[in-house]
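# Topology and contacts: notes
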Amino acid sequence: MTTPTPHQPQQTPSDQQAPHTTETAGLPRQAQAPQASPEPGAYQETRIERAIGRGFGLVTSRALAPYQTAVIRIGFSATWLLFLLREWPHRGVLYGPDSPWNLDMARRLLDGNHAFSVLPWSDSRGWFECVYLVAVVASALLMLGWRTRTMSVLFMVGVISLQNRSIFIGDGGDNVIHLMSMYLVLTRCGQVWSLDARRAKRAAAAAQAAGGEETGRAPASRDLPGIILWAVLGLGLALAQLQGSYGLSWFDGGPFPHLGWSLALWGLWLVHGLWWAVQRYAPGEPRTVLDTLAKLAHNGALLVIVVEVCLIYATAGWYKIQGSRWQDGTAVYYPMHLDYFSPWPGLSQLLGSNGVMVMLITYGTVIVQVAFPFTVFNRRLKNVLLVAMICEHLSIAFLLGLPFFSLAMITADAVFLPTNFLTWVSARLSGLRERLFSRGGADRPAGGAGSGEPEARTGHGDGGHTLVG
């Protein structure tokens with residue numbers, strides 16, 4: 001008697017697929033799907049092309065470092081404003097008709113170095129007073145962030161006009177302000193911490209309340225103050241052009257080769273008008289194109305500022321290495337014993353009489369300045385050296401009596417401040433302001449500090465910190 005063969009249970013369609021399901025259960029969904037083989041001759045994007053595409057998207061998708069550029073705007077405009085206010089009683093001697101460097105000598109110098117200044121346009125004291133007052137007002141309004149695009153241009157004109165009128169006035173910080181005033185024109189320095197940002201936030205909130213666009217972007221309004229300001233400045237520039245004012249050439253002696261100041265100023269004036277017209281009458285693709293170009297200009301100018309600061313410290317450090325007094329560690333001793341650079345003689349004498357302290361400060365200054373440009377890609381080390389440089393400039397302000405030079409350099413260093421630190425400061429200041437000035441109003445909206453500022457980037461992946469934050 002044979003053993004009966006056991007009957008196998010009939011497999012249902014689901015049972016037939018069970019083994020396949022068990023084998024692929026632990027695989028990702030992409031692995032379970034059949035991979036389509038690329039077509040013969042299909043174009044495959046290379047790694048370099050993908051990297052270029054990501055880089056182009058980064059510099060055109062958004063204006064980088066809004067907090068750092070806001071600090072630069074506030075710092076340089078405040079430094080120049082404080083300098084102009086401090087020298088208000090002596091303005092005629094420094095830059096005006098009472099200056100030993102008279103206007104005829106200034107004109108001959110400007111003819112030789114092809115620099116630009118609006119002060120040679122007239123010999124009258126009234127014109128000088130008007131230019132000086134406009135420089136003060138433009139600095140104050142740029143610091144507050146009111147019409148930052150226009151005020152940045154007026155700020156630049158005021159800085160270069162006064163400094164080129166008397167080039168022997170300054171302590172080194174004036175050169176930094178001179179350069180940065182031109183770079184600020186190309187940046188979107190009013191994205192945060194400005195009256196422009198607050199006005200844009202209120203307009204966006206009003207548009208949302210009225211059932212506006214889903215993005216919350218307010219439609220362009222007539223903006224009567226902006227139109228009046230734009231028309232007045234255009235009329236003034238046209239009158240100066242028709243009178244053949246000094247320095248207004250089209251293709252020579254401008255900020256760039258083969259680009260005169262007439263072409264530069266008229267170009268800025270037309271671009272501002274085109275921006276307003278596109279926002280109001282063509283909010284589609286033309287607005288997107290102009291916005292992309294503006295972001296590209298902002299990010300390019302920000303890169304130039306970063307490189308400029310690194311060059312300042314690199315050249316200063318390497319020139320110090322070549323000096324014998326810096327090599328033997330005694331260079332800091334001598335300025336501390338000059339009456340002109342000793343606002344606090346007792347403190348200078350105390351530090352200058354300590355040989356070890358003098359040697360440490362001397363060698364530490366050289367090491368920090370030489371090393372900083374090589375550490376900008378290491379966030380932690382860069383922040384340590386950044387603190388050291390800020391302390392160095394604060395000591396220069398107090399020990400050597402050079403406050404405006406120190407303020408200018410500290411402001412230039414601020415481009416490397418971490419974004420998280422700046423947003424933390426912004427949140428603390430916003431909370432302090434609300435506690436001081438609130439009158440029992442509405443609660444702060446969730447999801448931010450209530451100031452319409454972009455969120456801080458705290459990740460470490462693709463959206464992590466940039467070079468300046």
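Before any of the text, the structure's been laid out above.
Description of the structure in this document. Everything numeric here is computed off the predicted structure, so don't read it as measured data. (Residues numbered from 1 in each chain as written. Predicted model: local features only at pLDDT ≥ 70, side-chain atom pairs only at ≥ 80, totals over all residues. Heavy atoms only, no water.)

## Details of the packing of helix α5 (residues 66-86) against helix α8 (residues 125-144)
- The N-to-C vectors of α5 and α8 enclose an angle of 150 degrees; their axes lie 8 Å apart at closest approach. Classified by the angle their axes make, α5 and α8 are roughly antiparallel. α5 and α8 meet at a crossing whose hand is left-handed. Mapping the contact onto sequence places Arg-73, Ile-74, Ser-77, Ala-78, Trp-80, Leu-81, Leu-84 and Leu-85 in α5 and Tyr-132, Ala-135, Val-136, Ser-139, Ala-140, Leu-142, Met-143 and Leu-144 in α8. (Axes fitted to C-alpha atoms, helices over the stretch in contact; angles between N-to-C directions. Helix = DSSP H or I, 4+ residues; strand = E, 2+ residues; numbered from the N terminus. Parallel < 35°, antiparallel > 145°, perpendicular 65-115°, else oblique. Left-handed = near helix turned anticlockwise from the far one by under 90°. Contact = heavy atoms within 4.5 Å.)

## Observations concerning the nonpolar core
- Core analysis: the largest hydrophobic core is formed by 73 residues, its most contacted members being Trp-80 and Phe-416.
- The biggest single contributor to this core is α5, with nine residues.
- In this structure, Trp-80 is in contact with Tyr-95, Ala-135, Ser-139, Phe-155, Gly-158, Val-159, Leu-162 and Gln-163, ignoring residues within four places of it in sequence. (Core = buried A, V, L, I, M, F, W, Y, C linked by side-chain atoms within 4.5 Å. Buried < 20%, exposed > 50% of the residue type's maximum accessible area, 1.4 Å probe, protein only.)

## So, α5
- When the terminal C-alpha atoms of α5 are compared, their 30 Å separation across 21 residues agrees well with the 30 Å that a helix rising 1.5 Å per residue should span.
- Where burial is concerned, most of α5 is hidden: 17 out of the 21 residues are buried. (Expected span 1.5 Å × (residues − 1).)

## Describing the packing of α5 against helix α10 (residues 173-184)
- Between α5 and α10, the least distance of the axes is 11 Å, while the angle of their chain directions is 135 degrees. By the angle between their directions, the pair α5 and α10 is classed as oblique. Considering the relative orientation of α5 and α10, their crossing is left-handed. Residues Ile-72, Arg-73, Phe-76 and Thr-79 of α5 form the contact with α10, whose participating residues are Val-176, Ile-177, Met-180 and Leu-184.
- Residues belonging to the contact of α5 with α10 are distributed by class as follows: six nonpolar, one polar and one charged. (Nonpolar A, V, L, I, M, F, W, Y, C, P; charged D, E, K, R; others polar.)

Worth remembering: the numbers are spatial, not functional.
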